[in-house]
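Notes for the structure review
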Amino acid sequence: QKEVEQDPGPLSVPEGAIVSLNCTYSNSAFQYFMWYRQYSRKGPELLMYTYSSGNKEDGRFTAQVDKSSKYISLFIRDSQPSDSATYLCAMSKNSGGSNYKLTFGKGTLLTVNP
Amino acid sequence: SQTIHQWPATLVQPVGSPLSLECTVEGTSNPNLYWYRQAAGRGLQLLFYSVGIGQISSEVPQNLSASRPQDRQFILSSKKLLLSDSGFYLCAWGLGGGTDTQYFGPGTRLTVL
């Protein structure tokens, strides 16, 4: 079983739709959770960072973590064509302050149609 | 603010030729530095990371090597490229510790023919 599973899509939605992107993980040692957005032929950019279970909101984006189910989500409200990109989840373990690595999902390709 | 640069942006090289990709970070000190490769359908593969000058950890045995000659400079090299080395190479920096977030550069697209 892979440590992090992410549906690669592709996911196609109309403009204005609510988008739900998800990742599941198998290792309960993961403590920190991130979402990255990657436009075609560009480097990933950090969108959201969360530590604890619950919701974190930033504008049209909401990151949700459910550690009991080992499940994280990213919701995009009022989706725009400019949100069309690949979304990568990432997570890391707490290794006593000397943790250097992230484990990434493979990414979900999202297209928002005008 | 911090900025990360990579060059070149695009590279086409013949099989068997050498490789040198460079990454530099501005606006921070003693960052952790990372090299990733992203191939279609395979996600991000961590190749090397460095927590300080001259300190390199390799994640995947292959014909690539990395060096960190200065605090904010990270170089990815190969003596002889293989077809399988084609891909999108990304450099990233992070501060480690409690936040563990990483910030990526614009990437280098390498095609080996």
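Shown above is the structure to which this text applies.
First, a word on scope: everything that follows refers to the structure included in this document. (Residues numbered from 1 in each chain as written. Chains lettered and ligands numbered in written order. Predicted model: local features only at pLDDT ≥ 70, side-chain atom pairs only at ≥ 80, totals over all residues. Heavy atoms only, no water.)

**Regarding the overall build of chain B**
In terms of helices and strands, chain B carries zero helices and eleven strands. In sequence order, the secondary structure elements of chain B are arranged as β-β-β-β-β-β-β-β-β-β-β. Since a compact globule built from 113 residues should have a radius of gyration of about 13 Å, the 13 Å found for chain B is in line with a globular shape. Considered along the principal axes of its C-alpha atoms, chain B spans approximately 40 × 30 × 25 Å. The buried share of chain B, taken over its 113 residues, is 49%. At a minimum sequence separation of 6, the contacts of chain B that also span at least 24 residues come to 54%. Working note: accessible area of chain B is about 5100 Å², and carbon and sulfur atoms make up 54% of it. Each charge class in chain B was averaged separately, 7 positive and 6 negative side chains, and the resulting centres sit 10 Å apart. (Helix = DSSP H or I, 4+ residues; strand = E, 2+ residues; numbered from the N terminus. Rg over C-alpha atoms; globule rule 2.2 N^0.38 Å. Buried < 20%, exposed > 50% of the residue type's maximum accessible area, 1.4 Å probe, protein only. Contact = heavy atoms within 4.5 Å. Areas by Shrake-Rupley, 256 points an atom, 1.4 Å probe, with all protein chains shown as cover. Lys, Arg positive; Asp, Glu negative; His and termini not counted. Charge placed at Lys NZ, Arg CZ, Asp CG, Glu CD.)

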